[in-house]
Amino acid sequence: MTARQAGALPTAIVGTSARRLDLDDDEFARRRSGRAELPDPEPILRNLTHCVIEVLAGARDLEQLARWVTDDVYRNLGKRVVLAARARRVKGLVPQRPAFSVGRVVIGEPADGVVEAVVMVHQRARSRAVAIRLEGLDQRWRASVISVL
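Below or above, wherever it landed, is the structure these notes cover. (Residues numbered from 1 in each chain as written. Predicted model: local features only at pLDDT ≥ 70, side-chain atom pairs only at ≥ 80, totals over all residues. Heavy atoms only, no water.)

Here we come to the pairing of strand β2 (residues 114-123). Inspection of the sheet shows strand β1 (residues 100-111) paired to β2 by eight bridges, in the antiparallel sense. The residue of β2 that forms the bridge with F100 is Q123. Counting the residues in the hairpin turn of β2 and strand β3 (residues 127-137) gives three residues. (Pairing = 2+ DSSP bridges. Helix = DSSP H or I, 4+ residues; strand = E, 2+ residues; numbered from the N terminus.)

Right, let's talk about the packing of helix α1 (residues 41-57) against helix α2 (residues 71-91) for a bit. Each pair of packed helices gets described by two things: the angle between the helix axes and the distance between those axes. Orientation of α1 relative to α2, taken along the N-to-C sense of each, is 45 degrees, at an axis distance of 8 Å. Comparing the axis directions of α1 and α2 gives the class oblique. Within the contact between the two elements, α1 uses V52, V55, L56 and A57 and α2 uses L77, R80, V81, A84 and R88. Per-class residue counts for the contact of α1 with α2 are seven nonpolar, no polar and two charged. (Axes fitted to C-alpha atoms, helices over the stretch in contact; angles between N-to-C directions. Parallel < 35°, antiparallel > 145°, perpendicular 65-115°, else oblique. Contact = heavy atoms within 4.5 Å. Nonpolar A, V, L, I, M, F, W, Y, C, P; charged D, E, K, R; others polar.)

Taken together, the four strands give an open sheet; going across it, the order is β1-β2-β3-β4, and neighbouring strands pair in antiparallel fashion. Where the open sheet ends on each side, the last strands, each with one partner, are β1 and β4 (140-148). With strand direction ignored, the average angle separating the axes of adjacent strands in the sheet is 25 degrees. Two elements, β2 and β3, share nine bridges in a ladder whose sense is antiparallel. Residue pairing across strands places M120 opposite A129, the latter belonging to β3. Together, β1, β2, β3 and β4 form the strand contacts of α1, whose direction differs from that of β1 by roughly 125 degrees. Sheet strands in contact with α2 are β3 and β4, and its direction is about 35 degrees off that of β4.

The phi dihedral of D138 falls on the positive side, at around 55 degrees, and the residue is not glycine. Mapped onto the elements of the fold, D138 is located in the loop between β3 and β4.

Counted under the stated rule, the structure contains eight salt bridges. The salt bridge partner of E54 is R97, with a shortest N-O separation of 3.1 Å. Of this pair, E54 sits in helix α1 while R97 sits in the loop between α2 and β1, placing them 43 residues apart in sequence. What makes E54 buried here is its relative accessible area of 3%. Look at the salt bridges and you will find they share partners, linking R32, E116, R133 and E135 into a network. (Salt bridge = Lys/Arg side-chain N within 4 Å of Asp/Glu carboxyl O. Buried < 20%, exposed > 50% of the residue type's maximum accessible area, 1.4 Å probe, protein only.)

With respect to the helices and strands, A143 occurs in strand β4. A sequence separation of 69 residues divides A143 from Y74, and the C-alpha atoms of the two residues are 9.6 Å apart.

Okay, here's the thing in structure tokens:
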């Protein structure tokens, strides 16, 4: 058995200054933030809603939302983007920026560092509601649930 197979450090860095770092995964985990540590959620809710509607319409890349949403939300939005693109292709439509306005925002705080909101989106033909749950992680808001109704 060689030194590398035994889990030893490579010989290139073995010496008095070489140290093995045994760090807990907890040091790199996301930390919950209380409401006092977080900014006002309404501007984030409005901007996130605006971006989500544009992503679903094909006018914006989903990657632009990655830092504002959790991995589960990103995956679910990715599935919806694929379905919306397929529906546009079947109808022969090209992606274009939708005309809409973000209306009323209703915010509830069920727990410290958690915001649940409904944001109204008004388009020419209809109005829609976007339900968003924000959680305070690492002193900033991240969306853990987004549902476009």
